[in-house]
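# A structural walkthrough
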Amino acid sequence: MSIHLGDLGKVYLVCGKTDMRQGIDSLAYLIKRQFALDPFSGQVFLFCGGRKDRFKALYWDGQGFWLLYKRFENGKLTWPSHENEVKALTPEQVDWLMKGFSISPKIKPTKSRDFY
């Protein structure tokens with residue numbers, strides 16, 4: 001079974017390292033105080049710790065909070081490290097993240113060749 005976070009509402013990724021020991025109240029407070037966003041808005045907020053093989057999602061459904069936790073068994077996430085920043089993700093980026101891919105893929109330039 002797969003959970004489609006994008007179906008819940010707008011998804012925001014909290015950049016940098018978050019203390020993954022924090023629970024619902026601490027994460028909601030962080031969203032409100034540090035980023036001036038409303039944790040009761042019905043939007044999804046994603047947090048990642050230092051290990052980058054797991055993340056938490058905080059979501060308010062109108063009656064209570066959901067705290068989802070995903071851990072990848074193989075590999076690590078490419079998580080933006082800009083502290084004190086929140087990024088709004090597109091549905092495509094959410095899908096990539098849930099599959100363990102980078103939200104901003106980079107294409108390496110090829111070496112130029114002379115063709116005759």
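Residue positions are given per chain, counting from 1 as you read along its sequence in written order. Totals for whole chains, interfaces and linings use all residues, but because this is a predicted model, local features are given only for residues with pLDDT of at least 70 and pairs of side-chain atoms are given and counted only at 80 or more. As a rule here, side-chain values come from all non-hydrogen atoms in the structure, and water together with hydrogens is ignored.

Scored between 0 and 100, pLDDT is the confidence that the predictor attaches to each residue. For the protein, the mean per-residue pLDDT works out to 86, and 88% of the residues sit at or above 70. Helix numbers and strand numbers start at the N terminus; a helix is a DSSP run of H or I with at least 4 residues, a strand a run of E with at least 2. Here helix H2 (residues 91–98) stands out as the least confident element of the protein, with mean pLDDT 86; helix H1 (residues 24–35) is the most confident, with 96.

This part is about the environment of Gly9. Position of Gly9 among the secondary structure elements: in the segment before strand S1 (11–14). Here the term buried applies to any residue with accessible area under 20% of the maximum for its type, exposed to any over 50%, and partly exposed to those in between, with areas from a 1.4 Å probe on protein chains only. Judged by relative accessible area, which is 25%, Gly9 ranks as partly exposed. Taking the C-alpha atoms as reference points, Gly9 and Pro91, 82 residues apart in sequence, are found 9.8 Å from one another.

A word on the pattern of salt bridges. When the charged atoms of two side chains with opposite charge come close together, those side chains can pair. Whenever Lys or Arg places a side-chain nitrogen within 4 Å of a carboxyl oxygen from Asp or Glu, that contact is recorded as a salt bridge. What the rule picks out here adds up to four salt bridges. Measuring nitrogen to oxygen at the nearest pair gives 2.7 Å for the salt bridge that ties Arg54 to Asp53. The pair Arg54 / Asp53 is uniform in exposure class, with both members buried. Across the salt bridge formed by Lys87 and Glu85, the nearest N and O atoms sit 3.9 Å from each other. For Glu85, a relative accessible area of 30% puts it in the partly exposed group.

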